[in-house]
Amino acid sequence: MNLLAYQYFEGIDLMAIEGINEGLIIAIISEIGLEGIRKFPSSKQFTAWLRLAPNNKISGGKVLSHHIPKGSSRLKIAFRNTANAIGNLKEGWLVDFFKRINYKKGRATAVTALARKLAVIVWNMLVKGQAYNPPTEYLFLDEKRKLKLVARVKKQINKFELTREELGFVTN
């Protein structure tokens, strides 16, 4: 099945995504195909077509409702089943994402959120030809702030062409 999918999708390996199984690949091939998925100009439109994108109802700047619209297709069910199976795995960055959403909002919401994320990853791989490269680890907000602060300080040091002695880093 791996070889068949690799040839059908013109050298793109969907099995590189952890948790993706043959059932989802068969559903993609049978329901929409490679040319069908390329007809969507953006991943947002693809996820909206699958009915995996939130239906935000906003009035006066206030979110009144953000539920997933009703309706289901075999492809949506396949993405949700794959997301549910990933939720049962032990490790991986998609599992970490699932666990974060599951802790905050519950399993049903986490399955839908991960199914949407999988749909976006698959769309980017098939339409843009991007290889799957998962992030190594999840950075918490304080770690992100620290990295940005370090980058900003380095930029300022380079801008003003400061030396180690001017900064007070004198080596003995």
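Here goes a summary of the coordinates provided. Everything numeric in this text was worked out from a predicted model, so none of it was measured.

### Some remarks on the packing of aromatic side chains
Now for step 1: Counted according to the given criterion, the structure contains 4 aromatic pairs.
Now for step 2: Relative to phenylalanine 9, the ring of tyrosine 8 has its centre 5.1 Å away and its plane inclined at 80°; by these criteria the two rings are edge-to-face.
Now for step 3: Residue tyrosine 8 is classed as partly exposed on the basis of its relative accessible area of 34%.
Now for step 4: Between the aromatic rings of phenylalanine 46 and tryptophan 49, the centroid separation amounts to 6.3 Å while the plane-to-plane angle is 20°, which identifies the pairing as stacked. Placement of the pair is phenylalanine 46 and tryptophan 49 together in helix 4 (residues 43–50), with a separation of 3 residues, close to one helical turn.
Now for step 5: For phenylalanine 46, a relative accessible area of 1% corresponds to the buried category.
Now for step 6: Owing to a relative accessible area of 45%, tryptophan 49 belongs among the partly exposed residues under this scheme.
Now for step 7: Three or more aromatic residues joined by ring pairs make a cluster, and in this case those are Phe40, Phe46 and Trp49.
Now for step 8: It is lysine 117 that lies over the ring of phenylalanine 97; its NZ or CZ is 4.6 Å from the centre.

### Brief notes about the environment of leucine 75
Now for step 1: If you trace the backbone, leucine 75 turns up in helix 5 (residues 74–87).
Now for step 2: Since its relative accessible area comes to 1%, leucine 75 is described here as buried.
Now for step 3: The spatial distance from the C-alpha of leucine 75 to the C-alpha of alanine 119 is 9.8 Å, given a sequence separation of 44 residues.
Now for step 4: Not counting chain neighbours up to four residues away, the residues in contact with leucine 75 comprise Ala27, Ile28, Glu31, Ile32, Phe46, Trp49 and Leu50.

### A word on the nonpolar core
Now for step 1: Judged by nonpolar contacts, the single largest core of 39 residues is most densely connected at Phe9, Leu14, Ile17, Ile28, Phe46 and Phe79.
Now for step 2: Secondary-structure elements contributing two or more residues to this core are helix 2 (22–31), helix 3 (33–37), helix 4, helix 5, helix 6 (93–105) and helix 7 (107–128).
Now for step 3: Per element, the largest residue contribution to this core is 11 residues, and it comes from helix 7.
Now for step 4: If sequence neighbours within four positions are ignored, phenylalanine 79 has contacts with Leu24, Ile28, Phe46, Leu50, Leu52, Ala115, Leu118, Ala119 and Val122.

### Things to note about helix 4
Now for step 1: Among all positions in helix 4, only Ser43, Phe46, Thr47 and Leu50 are buried. Axial view of helix 4: buried residues confined to an arc of 95°, hence all on one face.
Now for step 2: Buried positions along helix 4 lie against helix 3, helix 5 and helix 7.
Now for step 3: Downstream of helix 4 by a residue or two, arginine 51 has a phi angle that is positive, lying close to 65°.

### Brief notes about helix 7
Now for step 1: With 22 residues, helix 7 should cover 32 Å at 1.5 Å per step; its first-to-last C-alpha distance of 31 Å lies within 8% of that length.
Now for step 2: A positive phi of about 75° marks glycine 129, the residue just after helix 7.

### Some remarks on the side chain of serine 43
Now for step 1: For serine 43, the location among the structural elements is in helix 4.
Now for step 2: On the basis of relative accessible area, serine 43 is assigned to the buried category, the value being 15%.
Now for step 3: Not counting the four nearest positions on each side in its chain, serine 43 is found in contact with Val120 and Trp123.

Criteria and cut-off values
- Residues numbered from 1 in each chain as written.
- Predicted model: local features only at pLDDT ≥ 70, side-chain atom pairs only at ≥ 80, totals over all residues.
- Heavy atoms only, no water.
- Phe/Tyr/Trp six-rings, centres within 6.5 Å; stacked < 30°, edge-to-face > 60°.
- Buried < 20%, exposed > 50% of the residue type's maximum accessible area, 1.4 Å probe, protein only.
- Helix = DSSP H or I, 4+ residues; strand = E, 2+ residues; numbered from the N terminus.
- Lys NZ or Arg CZ within 6 Å of the ring centre and 35° of its normal.
- Contact = heavy atoms within 4.5 Å.
- Core = buried A, V, L, I, M, F, W, Y, C linked by side-chain atoms within 4.5 Å.
- Arc of directions from axis to C-beta.
- Expected span 1.5 Å × (residues − 1).

Such coordinate-based values are descriptive only and should not be taken to indicate function.
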